[in-house]
Amino acid sequence: MQIVSTASECRSIIKTWQLAGERVAFVPTMGNLHDGHIKLVTEAQKQAERVVVSIFVNPTQFGPGEDFDSYPRTEAADQAKLAAAGANLVFLPAVSEVYASNAKTTVSVNGLSTVYCGAARPGHFDGVATVVCKLFNIVQPDLALFGRKDFQQLAVIRTMVRDLNIPVDIIGVDTVREASGLAMSSRNGYLSAQEKQTAAQLYQTLCQARDAVLAKQSFPDIDQQALNSLKAAGFVPDYFVICRSDDLAKANSEDTELVILVAARLGKTRLIDNIAFSRS
Ligand code: PAF
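Residues numbered from 1 in each chain as written. Predicted model: local features only at pLDDT ≥ 70, side-chain atom pairs only at ≥ 80, totals over all residues. Heavy atoms only, no water.

*Asks:* What exactly am I supposed to notice about the packing of helix 2 (residues 35-47) against helix 3 (residues 75-85) here?
*Replies:* Helix-helix packing is described using two parameters, namely the angle between the two axes and the distance between the axes. Contact geometry of helix 2 with helix 3 gives a least axis separation of 10 Å together with a crossing angle of 30°. Judged by the inter-axis angle, helix 2 sits roughly parallel to helix 3. Where helix 2 crosses over helix 3, the handedness of that crossing is right-handed. The residues of helix 3 that touch helix 2, namely those facing Ile 38, Val 41 and Gln 45, are Lys 81, Leu 82 and Ala 85. Of the residues in the contact of helix 2 with helix 3, the class split is four nonpolar, one polar and one charged. (Axes fitted to C-alpha atoms, helices over the stretch in contact; angles between N-to-C directions. Helix = DSSP H or I, 4+ residues; strand = E, 2+ residues; numbered from the N terminus. Parallel < 35°, antiparallel > 145°, perpendicular 65-115°, else oblique. Left-handed = near helix turned anticlockwise from the far one by under 90°. Contact = heavy atoms within 4.5 Å. Nonpolar A, V, L, I, M, F, W, Y, C, P; charged D, E, K, R; others polar.)

Structural data, given as C-alpha coordinates:
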(Lines give C-alpha, C1' and ligand atoms only; values in the text may rest on other atoms or scores of the structure.)
Protein backbone atom coordinates (compact mmCIF):
# COMPACT_ATOMS: atom_id res chain seq x y z
CA MET A 1 0.00 0.00 0.00
CA GLN A 2 1.40 3.37 -1.04
CA ILE A 3 0.84 6.52 1.04
CA VAL A 4 1.14 9.98 -0.52
CA SER A 5 0.38 13.49 0.65
CA THR A 6 0.45 15.55 -2.55
CA ALA A 7 -2.11 15.75 -5.31
CA SER A 8 0.56 15.35 -8.00
CA GLU A 9 1.96 12.10 -6.51
CA CYS A 10 -1.58 10.79 -6.11
CA ARG A 11 -2.53 11.69 -9.69
CA SER A 12 0.61 10.23 -11.25
CA ILE A 13 0.20 6.82 -9.54
CA ILE A 14 -3.48 6.65 -10.50
CA LYS A 15 -2.77 7.72 -14.09
CA THR A 16 -0.33 4.79 -14.48
CA TRP A 17 -3.04 2.37 -13.38
CA GLN A 18 -5.70 3.88 -15.63
CA LEU A 19 -3.34 3.88 -18.64
CA ALA A 20 -2.85 0.15 -18.01
CA GLY A 21 -6.63 -0.28 -18.26
CA GLU A 22 -7.30 -0.70 -14.53
CA ARG A 23 -10.46 0.71 -12.95
CA VAL A 24 -9.98 2.89 -9.89
CA ALA A 25 -12.46 3.03 -7.00
CA PHE A 26 -12.28 5.86 -4.48
CA VAL A 27 -13.32 5.89 -0.82
CA PRO A 28 -13.14 9.40 0.67
CA THR A 29 -12.94 9.43 4.50
CA MET A 30 -12.07 11.68 7.39
CA GLY A 31 -10.16 8.85 9.09
CA ASN A 32 -10.89 7.32 12.52
CA LEU A 33 -11.85 4.28 10.50
CA HIS A 34 -14.34 1.66 11.68
CA ASP A 35 -15.90 -1.43 10.11
CA GLY A 36 -18.26 0.74 8.04
CA HIS A 37 -15.28 2.29 6.23
CA ILE A 38 -13.64 -1.10 5.75
CA LYS A 39 -16.86 -2.36 4.16
CA LEU A 40 -16.57 0.51 1.65
CA VAL A 41 -13.05 -0.70 0.81
CA THR A 42 -14.10 -4.34 0.41
CA GLU A 43 -17.08 -3.32 -1.78
CA ALA A 44 -14.70 -1.13 -3.81
CA GLN A 45 -12.41 -4.13 -4.40
CA LYS A 46 -15.33 -6.05 -5.94
CA GLN A 47 -15.84 -3.30 -8.52
CA ALA A 48 -12.36 -2.10 -9.45
CA GLU A 49 -8.77 -3.31 -9.76
CA ARG A 50 -7.41 -0.48 -7.59
CA VAL A 51 -8.75 1.16 -4.43
CA VAL A 52 -7.72 4.65 -3.33
CA VAL A 53 -8.70 5.94 0.13
CA SER A 54 -8.34 9.57 1.22
CA ILE A 55 -8.00 10.55 4.86
CA PHE A 56 -8.70 14.25 5.22
CA VAL A 57 -10.47 15.99 8.09
CA ASN A 58 -12.11 18.66 5.97
CA PRO A 59 -12.26 21.99 7.82
CA THR A 60 -14.95 23.52 5.59
CA GLN A 61 -17.64 21.05 6.63
CA PHE A 62 -17.35 21.92 10.34
CA GLY A 63 -19.26 24.92 11.67
CA PRO A 64 -18.11 27.30 14.41
CA GLY A 65 -18.20 25.46 17.77
CA GLU A 66 -18.19 22.01 16.10
CA ASP A 67 -15.57 19.35 16.73
CA PHE A 68 -13.00 20.09 13.97
CA ASP A 69 -10.12 20.50 16.45
CA SER A 70 -11.07 17.52 18.61
CA TYR A 71 -12.13 15.23 15.72
CA PRO A 72 -10.16 11.99 16.33
CA ARG A 73 -7.01 11.80 14.19
CA THR A 74 -5.87 8.16 14.26
CA GLU A 75 -3.66 7.97 11.19
CA ALA A 76 -1.36 5.12 12.26
CA ALA A 77 -4.27 2.85 13.21
CA ASP A 78 -6.15 3.88 10.05
CA GLN A 79 -3.20 3.00 7.82
CA ALA A 80 -2.83 -0.40 9.50
CA LYS A 81 -6.54 -1.14 8.91
CA LEU A 82 -6.35 -0.06 5.27
CA ALA A 83 -3.23 -2.13 4.64
CA ALA A 84 -4.95 -5.17 6.20
CA ALA A 85 -8.02 -4.54 4.01
CA GLY A 86 -5.84 -4.42 0.88
CA ALA A 87 -6.25 -0.77 -0.16
CA ASN A 88 -3.70 0.22 -2.83
CA LEU A 89 -3.17 3.92 -2.18
CA VAL A 90 -3.84 6.28 0.73
CA PHE A 91 -4.02 10.00 0.03
CA LEU A 92 -3.29 11.95 3.21
CA PRO A 93 -3.10 15.62 2.24
CA ALA A 94 -2.51 18.65 4.46
CA VAL A 95 -5.20 21.34 4.43
CA SER A 96 -2.91 23.58 2.33
CA GLU A 97 -2.66 20.83 -0.33
CA VAL A 98 -6.44 20.81 -0.79
CA TYR A 99 -7.36 24.48 -0.24
CA ALA A 100 -5.54 27.52 -1.62
CA SER A 101 -5.30 30.13 1.14
CA ASN A 102 -7.33 32.55 -1.01
CA ALA A 103 -9.80 29.95 -2.34
CA LYS A 104 -12.95 31.59 -3.69
CA THR A 105 -15.05 28.72 -5.04
CA THR A 106 -17.69 26.74 -3.18
CA VAL A 107 -19.91 24.00 -4.56
CA SER A 108 -23.46 24.31 -3.30
CA VAL A 109 -26.34 21.96 -4.04
CA ASN A 110 -29.34 24.25 -3.62
CA GLY A 111 -32.25 23.10 -1.51
CA LEU A 112 -30.90 19.69 -0.53
CA SER A 113 -28.06 21.30 1.43
CA THR A 114 -30.20 23.48 3.67
CA VAL A 115 -32.80 21.04 5.01
CA TYR A 116 -32.58 18.47 7.85
CA CYS A 117 -28.86 18.19 8.80
CA GLY A 118 -28.17 21.21 6.59
CA ALA A 119 -30.58 23.34 8.63
CA ALA A 120 -28.92 22.27 11.89
CA ARG A 121 -25.40 22.63 10.46
CA PRO A 122 -25.38 25.67 8.12
CA GLY A 123 -22.67 25.39 5.46
CA HIS A 124 -21.92 21.73 6.27
CA PHE A 125 -23.05 20.29 2.94
CA ASP A 126 -21.37 23.08 0.97
CA GLY A 127 -18.14 22.00 2.67
CA VAL A 128 -18.84 18.34 1.84
CA ALA A 129 -19.77 19.03 -1.80
CA THR A 130 -16.75 21.29 -2.28
CA VAL A 131 -14.21 18.86 -0.85
CA VAL A 132 -15.70 15.83 -2.62
CA CYS A 133 -15.63 17.75 -5.93
CA LYS A 134 -11.99 18.71 -5.31
CA LEU A 135 -11.02 15.15 -4.31
CA PHE A 136 -12.75 13.81 -7.44
CA ASN A 137 -10.68 16.25 -9.53
CA ILE A 138 -7.47 15.10 -7.85
CA VAL A 139 -8.16 11.35 -7.87
CA GLN A 140 -10.27 11.18 -11.06
CA PRO A 141 -11.68 7.79 -10.06
CA ASP A 142 -14.00 5.66 -12.16
CA LEU A 143 -16.30 5.14 -9.18
CA ALA A 144 -16.62 6.34 -5.60
CA LEU A 145 -18.29 4.69 -2.62
CA PHE A 146 -20.16 6.35 0.24
CA GLY A 147 -22.04 4.90 3.22
CA ARG A 148 -25.84 5.03 3.16
CA LYS A 149 -25.73 6.01 6.83
CA ASP A 150 -25.12 9.59 5.66
CA PHE A 151 -28.18 9.42 3.42
CA GLN A 152 -28.51 13.16 2.89
CA GLN A 153 -24.78 13.46 2.13
CA LEU A 154 -25.13 10.73 -0.49
CA ALA A 155 -28.10 12.57 -2.05
CA VAL A 156 -26.10 15.84 -2.12
CA ILE A 157 -23.14 14.10 -3.79
CA ARG A 158 -25.29 12.27 -6.36
CA THR A 159 -26.99 15.55 -7.26
CA MET A 160 -23.68 17.41 -7.55
CA VAL A 161 -22.25 14.68 -9.81
CA ARG A 162 -25.34 14.80 -12.03
CA ASP A 163 -25.52 18.59 -12.20
CA LEU A 164 -21.79 19.11 -12.86
CA ASN A 165 -21.44 16.16 -15.29
CA ILE A 166 -18.69 14.64 -13.16
CA PRO A 167 -17.74 11.30 -14.78
CA VAL A 168 -17.71 9.23 -11.57
CA ASP A 169 -20.20 6.46 -10.72
CA ILE A 170 -21.51 6.93 -7.19
CA ILE A 171 -22.17 3.74 -5.23
CA GLY A 172 -24.10 3.74 -1.93
CA VAL A 173 -23.11 1.02 0.56
CA ASP A 174 -25.37 -0.27 3.34
CA THR A 175 -24.82 0.90 6.91
CA VAL A 176 -22.77 -1.37 9.16
CA ARG A 177 -24.36 -1.74 12.59
CA GLU A 178 -23.27 -2.94 16.00
CA ALA A 179 -25.10 -6.04 17.32
CA SER A 180 -27.37 -3.59 19.20
CA GLY A 181 -28.42 -1.96 15.90
CA LEU A 182 -26.42 1.22 16.54
CA ALA A 183 -25.03 2.49 13.22
CA MET A 184 -21.24 2.59 13.22
CA SER A 185 -19.92 6.14 13.25
CA SER A 186 -16.64 7.83 14.02
CA ARG A 187 -18.53 9.95 16.55
CA ASN A 188 -19.78 6.91 18.56
CA GLY A 189 -16.45 7.20 20.40
CA TYR A 190 -17.83 10.32 22.10
CA LEU A 191 -20.59 8.23 23.80
CA SER A 192 -20.26 6.94 27.38
CA ALA A 193 -20.97 3.21 27.93
CA GLN A 194 -24.45 4.10 29.23
CA GLU A 195 -25.14 6.45 26.29
CA LYS A 196 -24.01 3.76 23.85
CA GLN A 197 -26.71 1.43 25.21
CA THR A 198 -29.34 4.16 24.92
CA ALA A 199 -28.11 5.11 21.42
CA ALA A 200 -29.30 1.74 20.07
CA GLN A 201 -32.88 2.98 20.56
CA LEU A 202 -32.44 5.35 17.64
CA TYR A 203 -32.51 2.46 15.17
CA GLN A 204 -35.24 0.64 17.13
CA THR A 205 -37.39 3.77 16.81
CA LEU A 206 -36.74 3.86 13.05
CA CYS A 207 -37.73 0.18 12.71
CA GLN A 208 -40.95 0.77 14.69
CA ALA A 209 -41.75 3.80 12.53
CA ARG A 210 -41.15 1.82 9.31
CA ASP A 211 -43.51 -0.91 10.60
CA ALA A 212 -46.11 1.73 11.42
CA VAL A 213 -45.81 3.19 7.89
CA LEU A 214 -46.26 -0.29 6.41
CA ALA A 215 -49.29 -0.76 8.70
CA LYS A 216 -50.69 2.45 7.14
CA GLN A 217 -50.73 4.57 10.29
CA SER A 218 -50.84 8.32 9.67
CA PHE A 219 -47.50 10.09 9.22
CA PRO A 220 -48.20 12.78 11.89
CA ASP A 221 -49.05 10.05 14.44
CA ILE A 222 -45.88 8.11 13.56
CA ASP A 223 -43.74 11.27 13.85
CA GLN A 224 -45.28 12.07 17.23
CA GLN A 225 -44.82 8.54 18.60
CA ALA A 226 -41.20 8.47 17.45
CA LEU A 227 -40.39 11.88 18.93
CA ASN A 228 -42.06 10.88 22.23
CA SER A 229 -40.12 7.62 22.49
CA LEU A 230 -36.80 9.33 21.64
CA LYS A 231 -37.42 11.99 24.29
CA ALA A 232 -38.44 9.35 26.85
CA ALA A 233 -35.14 7.50 26.19
CA GLY A 234 -33.13 10.69 26.88
CA PHE A 235 -32.51 12.01 23.34
CA VAL A 236 -33.00 15.61 22.28
CA PRO A 237 -34.41 15.08 18.77
CA ASP A 238 -33.35 17.47 16.04
CA TYR A 239 -35.60 16.10 13.28
CA PHE A 240 -37.54 12.96 12.46
CA VAL A 241 -38.97 12.97 8.95
CA ILE A 242 -40.55 10.51 6.53
CA CYS A 243 -39.25 11.40 3.04
CA ARG A 244 -39.19 10.22 -0.53
CA SER A 245 -35.90 8.40 -0.94
CA ASP A 246 -35.09 9.90 -4.37
CA ASP A 247 -35.27 13.64 -3.63
CA LEU A 248 -35.75 13.74 0.18
CA ALA A 249 -38.95 15.77 -0.16
CA LYS A 250 -41.44 15.07 2.64
CA ALA A 251 -43.45 12.01 1.65
CA ASN A 252 -47.20 11.85 1.25
CA SER A 253 -49.51 8.86 1.41
CA GLU A 254 -49.09 8.13 -2.34
CA ASP A 255 -45.27 7.78 -2.27
CA THR A 256 -43.84 4.27 -2.33
CA GLU A 257 -40.02 4.63 -2.12
CA LEU A 258 -39.38 6.02 1.32
CA VAL A 259 -36.63 6.84 3.78
CA ILE A 260 -37.06 7.92 7.37
CA LEU A 261 -34.30 10.28 8.48
CA VAL A 262 -33.53 11.05 12.10
CA ALA A 263 -31.01 13.19 13.97
CA ALA A 264 -30.93 13.46 17.74
CA ARG A 265 -28.52 14.58 20.38
CA LEU A 266 -27.55 12.24 23.21
CA GLY A 267 -25.52 14.10 25.80
CA LYS A 268 -22.89 15.96 23.78
CA THR A 269 -23.09 13.66 20.75
CA ARG A 270 -25.26 14.30 17.69
CA LEU A 271 -26.32 11.01 16.09
CA ILE A 272 -27.95 10.46 12.71
CA ASP A 273 -29.49 7.36 11.19
CA ASN A 274 -32.09 6.36 8.60
CA ILE A 275 -34.09 3.45 7.25
CA ALA A 276 -35.04 3.14 3.58
CA PHE A 277 -37.85 0.87 2.36
CA SER A 278 -40.54 0.39 -0.28
CA ARG A 279 -44.25 -0.01 0.17
CA SER A 280 -46.93 -0.93 -2.31
O1 PAF B 1 -18.48 11.16 5.19
C2 PAF B 1 -17.36 11.67 5.39
O3 PAF B 1 -16.51 11.09 6.06
C4 PAF B 1 -17.05 13.06 4.83
O5 PAF B 1 -18.18 13.87 4.86
C6 PAF B 1 -16.44 13.00 3.43
C7 PAF B 1 -17.41 12.43 2.41
C8 PAF B 1 -15.17 12.19 3.45
C9 PAF B 1 -16.08 14.42 2.97
O10 PAF B 1 -15.17 15.03 3.83
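*Asks:* What's the story with the site of the ligand in this structure? I'm lost.
*Replies:* What surrounds the ligand is the set Pro 28, Thr 29, Met 30, Asn 58, Gln 61, Val 131, Phe 146 and Gln 153. One of the side-chain nitrogen or oxygen atoms of Gln 61 is found 2.6 Å away from an oxygen atom of the ligand. At a separation of 2.7 Å, an oxygen atom of the ligand approaches a polar side-chain atom of Gln 153. In isolation the ligand has 290 Å² of accessible area, and contact with the protein removes 89% of it. Here the residues of the shell around the ligand sort into four nonpolar, four polar and no charged. (Near = heavy atom within 4 Å. Polar contact = N/O pair within 3.5 Å; in protein donor to acceptor, adjacent residues only side chain to side chain. Areas by Shrake-Rupley, 256 points an atom, 1.4 Å probe, with all protein chains shown as cover.)

*Asks:* Looking at this structure, I do not really get helix 2. What am I missing?
*Replies:* Side chains that are three or four residues apart share a direction in an α-helix, a result of its 3.6 residues per turn. Across its 13 residues, helix 2 extends 19 Å between first and last C-alpha, which sits within 8% of the 18 Å expected from 1.5 Å per residue. Listed as buried for helix 2 are Gly 36, His 37, Ile 38, Leu 40, Val 41 and Ala 44. Tucked inside the fold, the buried residues of helix 2 contact strand 2 (24-29), strand 3 (50-55), helix 3, strand 5 (143-147) and strand 6 (169-173). (Expected span 1.5 Å × (residues − 1). Buried < 20%, exposed > 50% of the residue type's maximum accessible area, 1.4 Å probe, protein only.)

*Asks:* What is the right way to look at the nonpolar core in this model?
*Replies:* Nonpolar side chains in soluble globular proteins tend to end up buried together. The biggest cluster of nonpolar side chains holds 49 residues, and the ones touching the most others in it are Phe 136, Met 160, Ile 170 and Leu 261. Contributions of two or more residues to this core are made by helix 1 (7-19), strand 2, strand 4 (89-91), helix 6 (124-139), strand 5, helix 7 (151-163), strand 7 (236-244) and strand 8 (257-266). Ranked by residue count, the leading element in this core is helix 6, at ten residues. Other than its neighbours up to four places away in sequence, Phe 136 contacts Phe 26, Pro 141, Ala 144, Phe 146, Met 160, Val 161, Ile 166, Val 168 and Ile 170. Leu 191, Ala 209, Val 262 and Leu 266 belong to the second largest nonpolar core, which has 25 residues in total. (Core = buried A, V, L, I, M, F, W, Y, C linked by side-chain atoms within 4.5 Å.)

*Asks:* What am I meant to see in the side chain of Asn 58 here?
*Replies:* Considering the arrangement of structural elements, one finds Asn 58 in the loop between strand 3 and helix 3. At a separation of 3.1 Å, a polar atom in the side chain of Asn 58 contacts the main-chain carbonyl oxygen of Gly 127. Excluding residues within four positions of it along the chain, Asn 58 makes contact with Met 30, Phe 68, Tyr 99, Gly 127, Val 128 and Val 131.

*Asks:* Whenever I open this one, helix 6 confuses me. Can you help?
*Replies:* Given a rise of 1.5 Å per residue, 16 residues ought to cover 22 Å, and the 22 Å separating the end C-alpha atoms of helix 6 matches this to within 8%. Here helix 6 lies mainly inside the structure; 13 of its 16 residues are buried. Backbone geometry just downstream of helix 6 places Gln 140 in the positive-phi region, at approximately 50°.

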